[in-house]
Amino acid sequence: MASRIPLERIRNIGISAHIDSGKTTLTERILFYTGRIHRIHEVRGKDGVGAKMDSMELEREKGITIQSAATYCVWKGSLEQFPDHNVNIIDTPGHVDFTIEVERALRVLDGAILVLDSGKGVQSQSITVDRQMKRYRVPRIAFVNKMDNPGANYEHVADMLKEKLGHHPVKLQVPMGAEDKFLGVIDAITGRAYFFDGDDGEKIRVEDPPAEYAAKAKEARQEVITQVAEVDDELAEKYLAEEPVSDEELRAAIRRATLALKMTPVMCGSAFRNKGVQLLLDGVIMYLPNPTEVVNEGHDQDKGEEKVVIESDATKPFIGLAFKLQQDKYGQLTYFRVYQGSVTSGDTIYNISNENRKVRVPRMFRMHSDDREEIQTAEAGDIVAFYGVEASSGETFTDGKVNVTLTSMHVPAAVISLAVAPKDRASEANFSKALNRFTKEDPTFRVHQDEESQQTIISGMGELHLDIYMERMRREYSCDVVAGKPQVAYRETISQRAEINYTHKKQTGGSGQYGKIGGYIEPLPPDAVETYEFVDEIVGGVIPKEFIPACDKGFREAVKKGSLIGFPIVGVRAVLNDGAFHAVDSSEQAFRTASLMGFREAYAEAKPTILEPIMKVEVEAPSEFQGSVVGQINQRRGVILETVTGENVTITAEVPLNTMFGYSTDLRSATQGKGNFTMEFAKYSTVPRQEQEEMVKKYREKLAKEAAARK
Ligand SMILES: Nc1nc2c(ncn2[C@@H]2O[C@H](COP(=O)(O)OP(=O)(O)OP(=O)(O)O)[C@@H](O)[C@H]2O)c(=O)[nH]1
Ligand SMILES: [Mg+2]
């Protein structure tokens, strides 16, 4: 493409934060100031239109973002001080049930804006998204939003970035006023004051700071220099030599330190009141990386997964990651981040993650929320959507010249499940079609068939997550479902080592079955990443090499379902160190069965226990209700971690998920509707002994009933 903007002038950024902090409102302003949209519409707006990025009907009804949405715009600086820059943006949901949307966005983006509520600062999901940003080493700018709200406190939020997230926050702006007297911001670097006039804050007025802020503005610049010098050697030298620092030098140092993840620039404004957004965009251009400034690694499949550096170079072979799937009215859209090379419609590409399956790229688009613009070619650094390319989230495609895969995104475990069935004949037709679709789109949404009960079980990140999918089945697939009671995703594990010694022997007519195995199972260390490990310590061929994988398979089958309550077994290492075979009667099948049965025997001896998901719950309510909130948490076997009191009380606690059903109703009635809470998975821990016994008993009864029904 002739008019293509050089890579140095591309920014791929994500907007992530705690729920309701104003991400979508902010994105709407960005689209407006960059001329992508011509009128601002509010989230939950009275005009009935709704924000551009919340395009799904359900999002507009609920006033929350459910799916991330991509868009792009062109920015030339608040005062046209830059040449055109292309900014690709992904607005992500804040609700933790949709955390995979944040995960995959941060996986493919080069930089991010961490939005914080000026009155609440670092909240529970701010911590979660920050952890996700750290996982993918994404440099970020913190934007303190809602400066117009009561209780706005810019300084305090910046301090929280340090205390709660361990950042090195550097305040690049001084707000002029706060709450209903929030007038605008002073740029600490230039010392100039910015006001945002016009109906939508589109007219920027730059002046010398009002007299009462003059001294503060000067101080702020010095503070920026001191703090950046702490993390940037080049600036430190100047600073120590007491040489003057130019604005350009200071900005360059901020950029270096931000890209190196050594500092977080802090800016502020009010998206809703249209203040400060243009300067934030300037910050994105000045301080966040372009695609060439981020190191991306892949794994060479021809060289035993050896690490290779992927270069943002359009002339090299094509490598892209499918990070998101979406069905729209025209068909299947697969979102790609192009990491290397280029791809043109009509090209054939190969799915390296799935047996090198060959696909043609019929058409490609640049997405603007639910609108799209057809393009012919995409190059390294681009985020585009292909039409008609089947894939699962996280798969790598290349042009076939290289056999490289990219690291997929981290997929958190499901914590909750539900039995579902189509309500009537009419709904049956689309039932599995819808489920298939959703599992492909969303790796945190899982479906399986329970062997004993024959029920279809869906599992996911929380009640809201599963509710949304059931609602989508209704709306998008005309499939009404009946659902059982939500179930907690329990796990089973072992507490001690137990020996395996099992012989599987069967003689039926012709050739028999024979496999003997020996070894042991033992608990994995608590910090182990994998939930199951297989160790082959067979020497002298007592079990022939070709049968070893079958033993691993047998163990894997065994860990799928524990004998206590039928939930997956985690945290176990299976070691194989002995065995015997028979020249004629041994087979893969025989060793697989021996391993499955041997594991089950040993499991009973390994002191198995039940684990339950513990959630981190953050409750906020007017302080007068502190007593009742605490009482409710105690009743639910919760442990209080932190209580912060002010006008409102914020209580952080760890509570078993199993006791959290119905909590929102209870909290509402205990706080006259004024309390709210968020919750996310924290860890698994052992279920109290007595409860375990009851659970095991119930499970046995259920099995007996099902067995009786089958007879
Ligand atoms: N007073 C004030 N309200 C704001 C500001 N920004 C956003 N809001 C309001 O906060 C609410 C939530 O805004 P959204 O933009 O939907 O927040 P979000 O972060 O996208 O929310 P999720 O995507 O659901 O996590 C809406 O009612 C907005 O109007 C602001 O700067 N000041
Ligand atoms: Mg939103």
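Above: the structure in question.
The structure presented is a predicted model; accordingly, all values stated were derived computationally and were not measured.

### Here's the deal with the overall build of the chain
- Looking only at helices and strands, the chain has 16 helices and 38 strands in total.
- Computed over its C-alpha atoms, the radius of gyration of the chain comes to 28 Å, within 12% of the 27 Å expected for a compact globule of 711 residues.
- With respect to the three principal axes, the spread of C-alpha positions in the chain is 95 × 65 × 60 Å.
- Counting only residues that meet the buried cut, the chain has 55% of its 711 residues in that class.
- Expressed as a percentage of contacts within the chain between residues at least 6 apart in sequence, the contacts between residues at least 24 apart total 71%.
- Looking at the chain, you have 90 positive and 107 negative side-chain charges, and the mean spots of the two groups are 4 Å apart.

### Brief notes about the side chain of threonine 25
- For threonine 25, the location among the structural elements is in helix 1 (residues 23-33).
- Note on threonine 25: relative accessible area 13%, which makes it buried.
- In this structure, threonine 25 is in contact with Glu42, Val43, Ala271 and Phe272, ignoring residues within four places of it in sequence.

### Some remarks on the site of ligand 1
- Of all residues adjacent to ligand 1, which total 19 residues, the nearest are Lys23, Thr24, Thr25, Thr65 and Asp148.
- Between ligand 1 and aspartate 20, the relevant distance is 3.2 Å, taken from an oxygen atom to a main-chain nitrogen or oxygen of the residue.
- In this structure, aspartate 148 approaches ligand 1 through a side-chain N or O atom, which is 2.8 Å from a nitrogen atom.
- Starting from 650 Å² of accessible surface for ligand 1 in isolation, the protein chains cover 91%.
- Among the elements that make up the shell around ligand 1, the one with the highest residue count is helix 1 (3 residues).
- Looking at the shell around ligand 1 residue by residue, the classes come out as 5 nonpolar, 9 polar and 5 charged.

### Some words on the coordination of the magnesium ion (ligand 2)
- Within the protein, the atoms that donate to the magnesium ion (ligand 2) are Thr24 (OG1) and Thr65 (OG1), at distances of 1.9 to 2.0 Å. Taken together, the residues span a long stretch of sequence, with threonine 24 in helix 1 and threonine 65 in the loop between helix 2 (57-62) and strand 2 (69-75) at a distance of 41 residues.
- On the basis of relative accessibility, which here comes to 5%, the residue threonine 24 falls in the buried class.

### Digging into empty space enclosed by the protein
- Within the structure shown, the criterion is met by 3 cavities of 30 Å³ or more.
- For the largest cavity, the calculated volume is near 140 Å³.
- In this structure, the largest cavity is lined by 14 residues; those nearest its centre are Ile66, Gln67, Glu101, Asp442 and Tyr469.
- Elements represented by at least two residues in the lining of the largest cavity include exactly helix 3 (99-108), strand 14 (319-328) and helix 11 (463-477).
- Of all the elements, helix 11 adds the most residues to the lining of the largest cavity, at 4 residues.
- Size it by volume and the second largest cavity reaches roughly 60 Å³.
- Ala70, Thr71, Tyr72, Asn88, Ile89, Ile90, Tyr335, Arg366, Met367, Ile383, Val384 and Ala385 are the residues that line the second largest cavity.

### Describing the environment of glycine 566
- In this fold, glycine 566 is placed in the loop between helix 12 (548-559) and strand 34 (572-580).
- Among the residues examined, glycine 566 registers a relative accessible area of 18% and is labelled buried.
- A sequence separation of 134 residues divides glycine 566 from arginine 700, and the C-alpha atoms of the two residues are 9.7 Å apart.
- In this structure, glycine 566 is in contact with Glu492, Lys561 and Tyr699, ignoring residues within four places of it in sequence.

The rules behind these values
Residues numbered from 1 in each chain as written. Chains lettered and ligands numbered in written order. Predicted model: local features only at pLDDT ≥ 70, side-chain atom pairs only at ≥ 80, totals over all residues. Heavy atoms only, no water. Helix = DSSP H or I, 4+ residues; strand = E, 2+ residues; numbered from the N terminus. Rg over C-alpha atoms; globule rule 2.2 N^0.38 Å. Buried < 20%, exposed > 50% of the residue type's maximum accessible area, 1.4 Å probe, protein only. Contact = heavy atoms within 4.5 Å. Lys, Arg positive; Asp, Glu negative; His and termini not counted. Charge placed at Lys NZ, Arg CZ, Asp CG, Glu CD. Near = heavy atom within 4 Å. Polar contact = N/O pair within 3.5 Å; in protein donor to acceptor, adjacent residues only side chain to side chain. Areas by Shrake-Rupley, 256 points an atom, 1.4 Å probe, with all protein chains shown as cover. Nonpolar A, V, L, I, M, F, W, Y, C, P; charged D, E, K, R; others polar. Donors = N, O, S within 2.8 Å, 3.2 Å for Na, K, Ca; no water. 1 Å grid on protein atoms, 1.4 Å probe; cavity = no way out; pocket = protein on both sides within 12 Å on 5 of 7 lines; lining within 4 Å. Points joined across faces, edges and corners; volume = space filled by probe spheres on them.

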